[in-house]
Amino acid sequence: MNLKPFFAPKSIVICGASRSEITFNGTLVKNLRESRYKGEILIVHPKASDIMGLECYNSISLLP
């Protein structure tokens, strides 16, 4: 069984990320950006165009 995709994913999707760094999802985005994570961070938020410099998608169906 290959566990590499689980422990080293190529991308991570965060639904409902927040602009505020004190919320759980906001902290998650901030920590991923500051960590050594090399994959793509995709954010789904219905009203935001970007959060912490990352492009937001209005719907899961719009993800690449």
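Presented here is an overview of the structure given in this document. In this text, all values refer to a predicted model and were calculated from it rather than measured experimentally.

Regarding helix 2 (residues 24-34), the residues found buried are Gly26, Val29 and Leu32. Relative to the axis of helix 2, the buried residues are bounded by an arc of 135 degrees and lie together on one face. Relative to its buried face, helix 2 has exposed residues pointing more than 90 degrees away, namely Phe24 and Glu34. Contact partners of the buried residues in helix 2: strand 1 (11-15), strand 2 (40-44) and strand 4 (54-57).

Moving on: the nonpolar core. Soluble globular proteins tend to bury their nonpolar side chains together. In this structure, Ile14, Ala17, Val29, Leu32, Tyr37, Ile41, Ile43, Ala48, Ile51, Leu54 and Cys56 together form the largest nonpolar core, which totals eleven residues. Of all elements in the fold, only helix 2, strand 2 and strand 4 reach the threshold of two or more residues within this core. Dropping the residues within four chain positions of it, Ile41 is found in contact with Ile12, Ile14, Leu32, Arg33 and Leu54.

Moving on to a nonpolar patch on the surface. A surface patch of nonpolar side chains, about 610 Å² in accessible area, is lined by Met1, Leu3, Phe6 and Phe7. Relative to the helices and strands, Phe6 resides in helix 1 (residues 4-7). On the basis of relative accessibility, which here comes to 63%, the residue Phe6 falls in the exposed class.

What follows covers the side chain of His45. Along the chain, His45 turns up in the loop between strand 2 and strand 3 (50-51). Among the polar contacts listed, one links the side chain of His45 to the backbone nitrogen of Lys47, at a separation of 3.1 Å. Apart from residues lying up to four places away in sequence, His45 is in contact with Gly16, Ala17, Ile51, Cys56, Tyr57 and Asn58.

The next point concerns the side chain of Ser18. Along the polypeptide, Ser18 turns up in the loop between strand 1 and helix 2. A distance of 3.4 Å separates a polar atom in the side chain of Ser18 from a polar atom in the side chain of Thr23. Excluding residues that lie within four positions of it along the chain, Ser18 makes contacts with Thr23, Asn25, Gly26, Ile51 and Met52.

Okay, the pairing of strand 4 next. Sheet topology note: the strand 2/strand 4 ladder contains two bridges and is parallel. When the bridges of strand 4 are listed, Val44 appears paired with Tyr57. Relative to strand 4, strand 3 runs antiparallel, the two being bridged by two bridges. Paired with Ile51 across the strands is Leu54, a residue of strand 4. Between strand 3 and strand 4, which pair antiparallel one after the other, the connecting turn spans two residues, and Met52 there sits at a positive phi close to 50 degrees.

Rules behind the numbers
Residues numbered from 1 in each chain as written. Predicted model: local features only at pLDDT ≥ 70, side-chain atom pairs only at ≥ 80, totals over all residues. Heavy atoms only, no water. Buried < 20%, exposed > 50% of the residue type's maximum accessible area, 1.4 Å probe, protein only. Helix = DSSP H or I, 4+ residues; strand = E, 2+ residues; numbered from the N terminus. Arc of directions from axis to C-beta. Contact = heavy atoms within 4.5 Å. Core = buried A, V, L, I, M, F, W, Y, C linked by side-chain atoms within 4.5 Å. Patch = residues over 30% accessible without salt bridge, like charges linked within 9 Å, V, L, I, M, F, W, Y side chains within 5 Å. Areas by Shrake-Rupley, 256 points an atom, 1.4 Å probe, with all protein chains shown as cover. Salt bridge = Lys/Arg side-chain N within 4 Å of Asp/Glu carboxyl O. Polar contact = N/O pair within 3.5 Å; in protein donor to acceptor, adjacent residues only side chain to side chain. Pairing = 2+ DSSP bridges.

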